[in-house]
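Coordinates in review
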There are 2 protein chains.
Amino acid sequence: MPDAQRGLAEQLDAADPLAHLRERFVDLPDEVIYLDGNSLGRPPAATLDRLDLEVRSVWARELVGAWEHWLDLPTDVGDLLGTTLLGARPGETVVADTTSINLYKLAWAAVAARPGRGTVVTSADNFPTDHYVLQGICAHQGLQLVTVPAAAEGGPDLGALERAIGPDVALVSLSLVDYRLGALTDMRTVNAQAHASGALVLWDLSHAAGAVPLALAADGADLAVGCTYKYLNAGPGAPAFLWVRGDLHATLTQPIWGWFGQRDQFAMATEYEPEPGIRRFMVSSPPVVLLRAVEAGVELLGEAGMERLRAKSLALTGMLIDLADAWLRELGFEVVTPRPEARRGGHVALRHADARRIGRALIEKAAVIPDFRGPDILRLAPVPIATRFVDVYDALARLRDLVRNGEHLDVEVTGRVT
Amino acid sequence: MPDAQRGLAEQLDAADPLAHLRERFVDLPDEVIYLDGNSLGRPPAATLDRLDLEVRSVWARELVGAWEHWLDLPTDVGDLLGTTLLGARPGETVVADTTSINLYKLAWAAVAARPGRGTVVTSADNFPTDHYVLQGICAHQGLQLVTVPAAAEGGPDLGALERAIGPDVALVSLSLVDYRLGALTDMRTVNAQAHASGALVLWDLSHAAGAVPLALAADGADLAVGCTYKYLNAGPGAPAFLWVRGDLHATLTQPIWGWFGQRDQFAMATEYEPEPGIRRFMVSSPPVVLLRAVEAGVELLGEAGMERLRAKSLALTGMLIDLADAWLRELGFEVVTPRPEARRGGHVALRHADARRIGRALIEKAAVIPDFRGPDILRLAPVPIATRFVDVYDALARLRDLVRNGEHLDVEVTGRVT
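Residues numbered from 1 in each chain as written. Chains lettered and ligands numbered in written order. Predicted model: local features only at pLDDT ≥ 70, side-chain atom pairs only at ≥ 80, totals over all residues. Heavy atoms only, no water.

**As for the sheet that holds strand S13 (residues 377–380) of chain A**
Residue and element names in this part refer to chain A. Inclusion rule: Note: two strands are recorded as paired if DSSP finds a minimum of 2 bridges between them. Numbering of helices and strands runs from the N terminus; a helix is a DSSP stretch of H or I covering at least four residues, while a strand is a stretch of E covering at least two.
The antiparallel open sheet is built from 4 strands, whose spatial order is S9-S10-S13-S12. Looking at strand neighbours, the two that pair on one side only are strand S9 (334–335) and strand S12 (371–373), the edges of this open sheet. Pairing between S9 and strand S10 (residues 348–351): 2 bridges, direction antiparallel. Residue glutamate 334 lies in a different strand from S10, and its bridge partner there is arginine 351.

**Observations regarding the layout of surface pockets**
Convention followed: Here a cavity denotes a set of grid points, spaced 1 Å apart and computed over the protein atoms alone, in which a 1.4 Å probe fits but from which it cannot get out, and a pocket denotes an open set meeting protein on both sides within 12 Å along at least five of seven lines; residues with an atom within 4 Å of a point are reported as lining. Grid points are joined across faces, edges and corners, and a volume is the space filled by probe spheres set on the points. When residues are grouped by polarity, Ala, Val, Leu, Ile, Met, Phe, Trp, Tyr, Cys and Pro land in nonpolar, Asp, Glu, Lys and Arg in charged, and all others, Gly among them, in polar.
Roughly 410 Å³ of internal volume is contained in the largest pocket. In terms of lining residues, the largest pocket is bounded by 21 residues, among which Asp264, Gln265, Phe266 and Ala267 of chain A together with Arg416 of chain B are the most central. Here the residues of the lining of the largest pocket are counted per class, giving 8 nonpolar, 5 polar and 8 charged.

**Describing the packing of helix H11 (residues 355–366) of chain B against helix H12 (residues 389–404) of chain B**
Residues and elements named next belong to chain B. What counts here: Every axis in this analysis is a line fitted to C-alpha atoms, fitted for helices over the stretch in contact. Angles between the N-to-C directions lie between 0 and 180 degrees. Each angle receives one of four descriptions, namely roughly parallel if under 35 degrees, roughly antiparallel if over 145, roughly perpendicular if within 65 to 115, and oblique otherwise. Note on contacts: a residue pair is in contact if any heavy atoms of the two residues lie within 4.5 Å.
Where H11 contacts H12, the axes come no closer than 10 Å and their chain directions differ by 110°. By the angle between their directions, the pair H11 and H12 is classed as roughly perpendicular. Side by side, H11 and H12 meet where Ile358, Ala361, Leu362, Lys365 and Ala366 of the first sit next to Arg398, Leu399, Leu402 and Val403 of the second. Of the residues contributing to the contact of H11 with H12, the split by class is 7 nonpolar, no polar and 2 charged.

**Comments concerning helix H8 (residues 187–196) of chain A**
All names here are of chain A. For clarity, the threshold we go by: The buried label goes to any residue with under 20% of its type's maximum accessible area, the exposed label to any with over 50%, and the partly exposed label to all in between, with areas taken from a 1.4 Å probe on protein chains only. The directions from the helix axis to the C-beta atoms are what the arc is built from.
Taken residue by residue, H8 has Met187, Val190, Asn191, Gln193 and Ala194 as its buried positions. On an axial view of H8, the arc spanned by its buried residues comes to 160°, and they lie on one face. Here the buried face of H8 lies against helix H7 (158–164), strand S5 (169–175) and strand S6 (200–204). Positioned one or two residues after H8, glycine 198 has a phi angle of 80°, which is positive.

**Some thoughts on the packing of aromatic side chains**
Residues and elements named next belong to chain B. To be explicit about the condition: Any Phe, Tyr or Trp ring, taking Trp's six-membered ring, that has another such ring centre within 6.5 Å forms a pair; planes under 30 degrees apart are called stacked, those over 60 apart edge-to-face, and the others tilted.
Taken as a whole and judged by the stated rule, the model has 19 aromatic pairs over all chains. Seen in terms of ring centroids, tryptophan 67 and phenylalanine 260 are 6.1 Å apart; in terms of plane orientation they differ by 55°. Their pairing is tilted. On the criterion of sequence distance, the pair formed by tryptophan 67 in helix H3 (residues 67–70) and phenylalanine 260 in the loop between strand S8 (241–244) and helix H9 (288–304) is long-range, its members being 193 residues apart. Taking the relative accessible area as the measure of exposure, tryptophan 67 reaches 8% and is therefore buried.

**Things to note about the pattern of salt bridges**
We count it as follows: By definition, a salt bridge exists where a carboxyl oxygen of Asp or Glu is found within 4 Å of a side-chain nitrogen of Lys or Arg.
Taken as a whole and assessed by the stated rule, the structure comprises 56 salt bridges over all chains. Residue arginine 56 of chain A pairs with aspartate 52 of chain A through a salt bridge whose shortest N-O separation is 3.2 Å. Here arginine 56 of chain A and its partner aspartate 52 of chain A are both found in helix H2 (residues 45–62), 4 residues apart, which amounts to about one turn of the helix. Among the residues examined, arginine 56 of chain A registers a relative accessible area of 42% and is labelled partly exposed. Residue aspartate 219 of chain B is joined to arginine 188 of chain B by a salt bridge in which the shortest nitrogen-to-oxygen separation is 2.9 Å. Residue aspartate 219 of chain B is located in the loop between strand S6 (200–204) and strand S7 (223–226), and its partner arginine 188 of chain B is located in helix H8 (residues 187–196); the two are separated by 31 residues in the primary sequence. Overall, aspartate 219 of chain B belongs to the buried group, its relative accessible area being 19%.

In short, the description is geometric, and any link to function would need to be established separately.
Encoded structure:
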């Protein structure tokens, strides 16, 4: 069956309503199959034009006067992102700073809004920076950080999480899709668990935004952050987003008091008085040029539509899992991403004892770009806006042949990143 | 004499060793005279090429593998900036985050490094975001924020400052060049005052870096931050820098614990253990594309040389002050920037009761772009790398004629920024 599947993959590409969007990216050499868009998305061609325009026509010509409209970019692009990808209402999303800094601001604000509670809860398989940010806040404020174990299939163990959320918990902070195995947690269940104890929930959506449809407002979420350089394709270190449910704005004060959070900012008053709305979570001048990159990336996803992207993503990851089962098990691989579609994010994790070397060999010898997460995980992300079904077929066939032929055995692994 | 000065200005331009560097910027219409480079610098043409290259050739082609060298960009560009402009030693400067966030990180770290001391000192004419950041930290930690009065000519009153710095002071946080009047404070004196009481000093160099020569290491400074979108011409919201004297690194821990400050970052350990060096003050993925803009901006200043830039800057601001004295006093203007060269930063402030309307009229009717700072200050920055002596002459002549003819009287002022 698998050998007949390349024809099936070609048919799926021919019928794919999103197939044309692959041409909207700066092109890659034909043979390269990029499966690491969950780490760094590719540049849309529109982004190049938009950056050039912003520098040449706006910055260079309008100069300081451009701030009249640049001032609104963080919330304008925030609303575009929030309503297109997050299920946000207008006025709840801002693009600013970085994921870690936004996590810090919102986790700090959440803890301050629950005085007398001494516990923060997270999951063992949360992303390292999330652990670090929460460890810092807990250390500085004398709070206890409780880390619940991960479920075998990834994400927090929901039973352990429920037991951990008691009346002393101020904040639960989790990643919606875990960065290693790609497991998708049920947001609505966790929000309800936390709210039953009066705790707030802060979601890191870095591996979820643009990968799975989100309904933050409808699902009763409180707080969320995420990056734009993965599925949103806004480029390395592009600014992050943060989302705060509208009715919480007035109850939360973040710790970094800066002039972009100040009411009537250009009155230049010396006493801090934060804006009433989402801007109170801002600090500083926004990185204008990169906000345009976020805008271009979100517009492209909006043109595709999150429902269609998700349908294609599940078809791509489903095919990937089927091929891995058929071809790679005998070579020592195990699919460790959850198989139920409702539990699957946008990438697939394969476990193999020699995963790091195999990942390096794929890049060097087979023009397939995955990434590696220690100690033994190869991550493959067939990002639906830029990946064909034949790409998945060919990548898995190349991986099979490479390992079968032992081509990875003489590869040196020296890099810091992959 | 003033009327003969246009010929003198032309002669000075003809003899100016930096004159050719004006051509390195994306061009403006001939008639426009931009005097707001202390708020937002103009884009160097090289920046456009570099951004395009970074997106098209590095991000698009190397994709996630580019992180192998991108990882070092914050400290590579930091060292370039630090050694070119700050008088820093290698390994003491990083380009990351924003000025306000860097202020927060370093002020927080400084206070934590002086346990038992309950006071932070700043100056009444410090920039608003500096006040807000310090107010936040003091409010959250139960510290007292003492604000010393400004001197009449701008900057902190050094006598009042000396009296305020006692054994309870953990941190003195000041701007080296004040944003309104452009007064330059004597860094060496303040560092010595603070150190005599065991306090640390944190300098905001936003209006100083690229405007005046700095010798942070030689002058015994402890901590500094600053922006890159003013005299460094790196663009709106480009990342800021921070500098920490090398021997202090091990004694300081900043509050935002993120994965880019983590030792052996890609080991993905879940316990935070900061890098020993300057990277411990980083938090998150750097905004790569904008780091290239910082690099291009700093390289251009390096080509000019800070000593030559300062000499030309003093000649330009000196001419501006002379013309203002000669032409504008009778029209209600007063030069409020300090006259001694050792006390002057890179811009000149003119006080006038109708300054806001006059500033707006200059832009709309005379193609001269200054900026306004309430309630009554017009700021004029003849940035030496991009401004001719005839620009200063013509701008002042246009200002004189405009006010003399009452052309500003029917101008409406509605904008938020200028």
